[in-house]
Amino acid sequence: MESHQVSFFSPYPFKEGQKIHITSGPRRGDWLVVEINERKVKLRCPVSFREFEWDRFCYFVEDRELTQWPQKD
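Below you will find a few notes about this structure. Just so you know, these numbers come straight off a predicted model, no measurement behind them. Counting from 1, residues in each chain are numbered in the order their sequence is written. Totals for whole chains, interfaces and linings use all residues, but because this is a predicted model, local features are given only for residues with pLDDT of at least 70 and pairs of side-chain atoms are given and counted only at 80 or more. Side-chain calculation: all heavy atoms of the structure are included, whereas hydrogens and water are not.

**Some words on the environment of Trp-69**
- Helix numbering and strand numbering both begin at the N terminus, where a helix is a DSSP run of H or I of at least 4 residues and a strand a DSSP run of E of at least 2. Examined against the element boundaries, Trp-69 turns out to sit in the segment after strand E4 (51–55).
- Here's how the labels work: a residue is buried when its accessible area is under 20% of the maximum for its type, exposed when over 50%, partly exposed in between, all with a 1.4 Å probe on protein chains only. Judged by relative accessible area, which is 25%, Trp-69 ranks as partly exposed.
- In the structure, Trp-69 is positioned 61 residues away from Phe-8 in sequence and 30 Å away in space, judged by C-alpha atoms.
- Those residues in contact with Trp-69, other than ones at most four positions away along the chain, are Lys-19, Ile-20, Asp-30, Trp-31, Leu-32 and Pro-46. In this description, contact between two residues means that some pair of their heavy atoms is separated by no more than 4.5 Å.

**Some words on the sheet that holds strand E2 (residues 29–36)**
- Spatially, four strands are ordered E1-E2-E3-E4 in an open sheet, and the strand pairing comes out antiparallel. On the outer flanks of this sheet lie strand E1 (19–22) and E4, each paired with one strand and no other. In this sheet, neighbouring strand axes are inclined to one another by 40 degrees on average, regardless of whether the strands run parallel or antiparallel.
- Any two strands with at least two DSSP bridges between them are considered paired. In this structure, E1 lies alongside E2, joined through four bridges in antiparallel fashion. Across the sheet, residue Ile-20 finds its bridge partner in E2, namely Trp-31. Note on method: axes are straight lines fitted to C-alpha atoms, helices fitted across the in-contact stretch only, with angles between N-to-C directions ranging 0 to 180 degrees.

Have a look at this one:
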């Protein structure tokens, strides 16, 4: 019987008030999780304080302990 290499992905379980950093893509950077529901997540930029609501899109990669947030590029 042939075996297959399979990758599994799970949506990230956001929590309100959580500080996150998206490492790549058009939403990359530091964000504060403001609101969550089954389909959407609302994030606030900690620099401009602008808020955006998007379909849930992030997947868990790793946790890091940071000494500075928001980060400087």
